[in-house]
Structure formats: C-alpha cells, structure tokens
Amino acid sequence: MKIGILGGGQLGRMLIQNALKYDDQWFTLDPAEDAPCATISAITIGNFNDFDTVFDFGKGKDVLSIEIEHVNVDALFELRDSGIKIIPSPEIIRIIQQKILQKEFYSHHQIPSPAFQTIQQKSEMHFPLPFVQKMNTGGYDGKGVQVIRTEEDLKNLWDVPSVLETLVDIEKELSVIVAKNEDGDTQVFPVTEMVADPQLNLLDFNICPADISAEVQLQIDLITKQFINAADSPGLFAIELLLDKNQKVWVNETAPRLHNSGHQTQEGNANSQFEQFYRVLKNLPLADTDAIGFSGMLNLVGEEGYQGKVKYEGLEEVLKLPKTYVHLYGKTETKPGRKMGHINVLANSREELMKKLVFIKSLIRVIA
Ligand code: ADP
C-alpha cells in the first residue's frame, strides 16, 4: 500500500521504523530536507500548509495521514472527494486545529473541559480571574498559552482570537491514547502520567501506568468513550487530561495523532502506539495494549546555551543500564528545547522507575 504522511518528524519516523517490518511504501511531506523521516521514506520537500503542495502529494496514495495537525485541511477535503482515504477525518483535524472549535466541540458533546469564553480580540474579555489564555491557532509545546492571574496581568493579554479558560488547580497531568479503525473497533492504552519541566514547558517524564484511583479511571473511561464517539473518525487520538485537587478530570486538549505521551509503549506495552496507528491506517485488527510492567520515558531535549552539531554526553553510560532503551530522532543539529530523542525505561515498581528516570536524567546531556 502507498501510505503518505504529512510531516516528516520523529512521530512519522517511529511509525515508519516499526512498520518497515510489513510491506508498504512510505511517503512523507516536510519542509526540511534533513527531516527525521528523510532517510527512511520517499520524502517530498514542501510546505504541508500549502493547498497545492498537499493536494499534489496526496494524489495517487492509498491512504493519507498526518503526524502534525497544522496542515492544509482544505486540500484533505478535496483529496477525499477524489477518492483518497484520509485518516483521521479532515473534519476532526479542522476542529482540533483551532482551540476555539475544539472547546466548542467538548462543550457540545458534554465532554468535561474547563469553563471558557472565546474572544476575537481582547476588548471582548469578561472572564473571571484567574484564567488561562490559549491562542486559537499557532500554539504548540506550551507556546501560545499564558496564565493571567491578576488585574495587573491583564495588560499582557494577547490581542488575538483565543480561548480564556478557568485555571485548574492541577494535581496531575494525564494522557490516554485511544485508537479506532474503520470497522469501528477501538482499543485504549493504559493511562499515563506526564510530569512537565516547569522551565521548558516541554513534557519531561512519562510514567505508566498512572497512579490514579478507580474512580478517576472511571471518569477517564467515560471521557474516552465520549470522545471517540463524538470524533466519529478512525484514527489514533491522545487525550490530554488535567486531574484537579478534588479528583475531577478535565480534558485539556486532544491530539489527532501519535503523541509524546505514548513513547514508552515502544517497550512498555504488548504493542506500541506506532503499531496501533499502522493498524488503523490499514484497517487491520487492533493490537492489544496491556502494560508489561512499569514503564517510563524521558525526553532528550536540547540543553539551554548549546546550538549546533549534536553530542549526547553520557550516552554510553546510559546504554550500560538494563531495561533501558535509547531512541534518537536523526536530527543532526541541536538547539535549546528541541526534542532530539527519548529514553524508555522498564521497572518492577513505580519507585524503581522514578529512581531510574532521575538517575538517567543526571547522566545525559544534549549539547553541541
Ligand atoms: P500546548 O498545545 O501548547 O501543549 P496546552 O493547552 O497543552 O498547550 O497547555 C500547556 C500547559 O499549560 C498544560 O500542559 C498545562 O500544564 C497548562 N494548562 C493548560 N490549560 C490549563 C488550565 N486550564 N489550567 C491550568 N493549567 C493549564
């Protein structure tokens, strides 16, 4: 089968890496010649936000998908009209691309998400403090999100179309990944905890399975069902959740694609998110997702103050450790905050897992 992916980053790379054990032809579209997928797929250099570029790339493929949601969705509608299979649906991609539409989608489908107001410009603001402002488009990895706590902070309000949303008193950030194939079969991965780096706002550790009560798990089961029914599309979706101090679960946002919070499934589960997404793309029976034990992931992120040809200081020390798996993304240049790779770890208990993750973080540095 000819499978095309918009975006040639690490998510696509790990999808293709896993799927090379099957028989398909892989095509990627990315603006960068040295994108992580460049060496393992037929790459087209081009802008996935441009209508003609996406349309031309999609023609002749059996199935077209994404590894980033900020793509030209009009071209996807047009391609679907001409008979190309698009997964996930252009409708759900368009909703998720815009925070305003995404919030309205949750509210319409009674999916619990923090109370909000949408604004086109800042003069329309009439939302109680404190709140979180999220730009309608253009935000990623925590950019385009700011907390407005006080009257004083209001002068920093961005004058752009945004969502203003109640500030949740967060106990934990969680993620659940759910997949659905065209036959309508669904499979859910165990809930994962995401521990963020307050400085970079980039995801730092994942811990799976999450330490949550049965009651919180029930809330998440319900949200997952509600979301997958409402999305009405085959695909693999990562639902990012906020657990508040009163043990209530809120949906933060959803990614209609492979996700950083699922990387430890590569060694930590019976099958990975990459295997599952492959099966979705081909409408195959979905894979079992059981956790093998405790698993965790540590992002390898470009260290502050270093830019240039990447060096992984301490990598050999890490490779000496048992049940430790290094994944690099094929990026030659590091810069501060750039996701360059990750390390997965298995353990017999949560305590052992945390110890290992903290130890590995102290061993390794991504520098130039
Ligand atoms: P991005 O799309 O850039 O990842 P998010 O919407 O996930 O942005 O927000 C980034 C981070 O901001 C979240 O991981 C969370 O820590 C925090 N955050 C987002 N929404 C809220 C909220 N309503 N209350 C408290 N913190 C929030």
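Look above for the structure.
Values in this document were obtained by computation on a predicted structure and should not be read as measured data. (Residues numbered from 1 in each chain as written. Predicted model: local features only at pLDDT ≥ 70, side-chain atom pairs only at ≥ 80, totals over all residues. Heavy atoms only, no water.)

## Points about the overall build of the chain
Here's step 1: A tally of regular secondary structure across the chain gives 10 helices and 22 strands.
Here's step 2: The C-alpha radius of gyration of the chain comes to 20 Å, within 12% of the 21 Å expected for a compact globule of 368 residues.
Here's step 3: Each principal axis of the C-alpha distribution contributes one length, and for the chain these read about 55 × 55 × 45 Å.
Here's step 4: A fraction of 62% describes how many contacts in the chain between residues 6 or more apart in sequence connect residues 24 or more apart.
Here's step 5: Of the side chains in the chain, 36 bear a positive and 51 a negative charge, and the two mean positions are spaced by 3 Å. (Helix = DSSP H or I, 4+ residues; strand = E, 2+ residues; numbered from the N terminus. Rg over C-alpha atoms; globule rule 2.2 N^0.38 Å. Contact = heavy atoms within 4.5 Å. Lys, Arg positive; Asp, Glu negative; His and termini not counted. Charge placed at Lys NZ, Arg CZ, Asp CG, Glu CD.)

## Side note on the environment of K61
Here's step 1: Here K61 shows up in the loop between α2 (51-58) and β4 (63-66).
Here's step 2: Placed 60 residues apart in sequence, K61 and M1 show a C-alpha to C-alpha distance of 8.0 Å.
Here's step 3: Sequence-distant contacts of K61, that is, excluding residues within four places in its chain, are made with K2, G4, F27 and I84.
Here's step 4: Of note is the side chain of K61, whose polar atom sits 2.8 Å from the backbone oxygen of F57. (Polar contact = N/O pair within 3.5 Å; in protein donor to acceptor, adjacent residues only side chain to side chain.)

## Points about the pattern of salt bridges
Here's step 1: Summed over the entire model, instances satisfying the criterion amount to 18 salt bridges.
Here's step 2: One salt bridge in this structure joins R350 and E193, with 2.9 Å as the shortest N-O distance. Of this pair, R350 sits in helix α10 (residues 350-363) while E193 sits in strand β12 (residues 192-196), placing them 157 residues apart in sequence. As far as burial versus exposure is concerned, R350 and E193 are alike and both buried.
Here's step 3: Residues joined by salt bridges that share partners form a network here, namely K21, E275 and R279. (Salt bridge = Lys/Arg side-chain N within 4 Å of Asp/Glu carboxyl O. Buried < 20%, exposed > 50% of the residue type's maximum accessible area, 1.4 Å probe, protein only.)

## Let's talk about the sheet that holds strand β3 (residues 42-45)
Here's step 1: Strands sit in the order β3-β2-β1-β4-β5 across an open sheet of five strands; the sheet is parallel. Every interior strand has two partners, whereas the edge strands, β3 and β5 (85-86), have only one.
Here's step 2: Sheet analysis places strand β1 (residues 2-6) next to strand β2 (residues 25-30), joined by five bridges and oriented parallel. Of the residues in β2, the one forming a bridge with I5 is T28.
Here's step 3: α2 rests against β1, β2, β3 and β4 of the sheet, and its axis sits at about 175° to β2. (Pairing = 2+ DSSP bridges. Axes fitted to C-alpha atoms, helices over the stretch in contact; angles between N-to-C directions.)

## Description of the nonpolar core
Here's step 1: Of all hydrophobic cores here, the largest spans 25 residues; its most connected members are I3, L15, W26, L258, F277 and L281.
Here's step 2: Secondary structure elements with two or more residues in this core: β1, α1 (10-19), β10 (170-180), β14 (235-244) and α8 (273-281). (Core = buried A, V, L, I, M, F, W, Y, C linked by side-chain atoms within 4.5 Å.)

## Some remarks on the environment of C208
Here's step 1: Note that C208 resides in strand β13 (residues 203-208).
Here's step 2: Residue classification places C208 among the buried residues on the basis of a relative accessible area of 1%.
Here's step 3: Sequence spacing of C208 and G139 is 69 residues, and the spatial spacing of their C-alpha atoms is 27 Å.
Here's step 4: Not counting residues up to four positions away in its chain, the partners in contact with C208 are P190, V191, T192, Q264, G293, F294 and S295.

## What about the packing of α2 against helix α3 (residues 73-81)?
Here's step 1: Between α2 and α3, the least distance of the axes is 8 Å, while the angle of their chain directions is 35°. In this structure, α2 crosses over α3, and the sense of that crossing is right-handed. In this structure, α2 uses F51, V54, F55 and G58 to contact α3, whose residues at the interface are D74, A75, L76, E78 and L79.
Here's step 2: Considered class by class, the residues forming the contact of α2 with α3 number six nonpolar, one polar and two charged. (Left-handed = near helix turned anticlockwise from the far one by under 90°. Nonpolar A, V, L, I, M, F, W, Y, C, P; charged D, E, K, R; others polar.)

## Considerations on the sheet that holds strand β8 (residues 145-148)
Here's step 1: Strand order across the open sheet formed by four strands is β6-β9-β7-β8, with antiparallel pairing between neighbours. The open sheet has two edge strands with one neighbour each: β6 (116-119) and β8. Neighbour-to-neighbour, the strand axes of this sheet turn through a mean angle of 20°, independent of strand direction.
Here's step 2: This element, helix α5 (residues 99-108), spans β6, β7 (131-135) and β9 (162-166) of the sheet and lies at about 145° to β6.

## Thoughts on the side chain of N299
Here's step 1: Relative to the helices and strands, N299 resides in strand β16 (residues 294-301).
Here's step 2: Given the relative accessible area of 5%, N299 is considered buried.
Here's step 3: A distance of 3.1 Å separates the side chain of N299 from the side chain of N260, its partner in a polar contact.

## Brief notes about the packing of α1 against α8
Geometry of a packed helix pair, given as the angle between the helix axes and the separation of the axes.
Here's step 1: Direction vectors running N to C along α1 and α8 enclose 80°, while the axes themselves pass 9 Å from each other. By the angle between their axes, α1 is roughly perpendicular relative to α8. Side by side, α1 and α8 meet where L11, M14, L15, N18 and A19 of the first sit next to F274, E275, F277, Y278 and L281 of the second. (Parallel < 35°, antiparallel > 145°, perpendicular 65-115°, else oblique.)

## Examining the side chain of N136
Here's step 1: Summarising the element assignment, N136 is placed in the loop between β7 and β8.
Here's step 2: Judged by relative accessible area, N136 falls into the buried class, the value being 11%.

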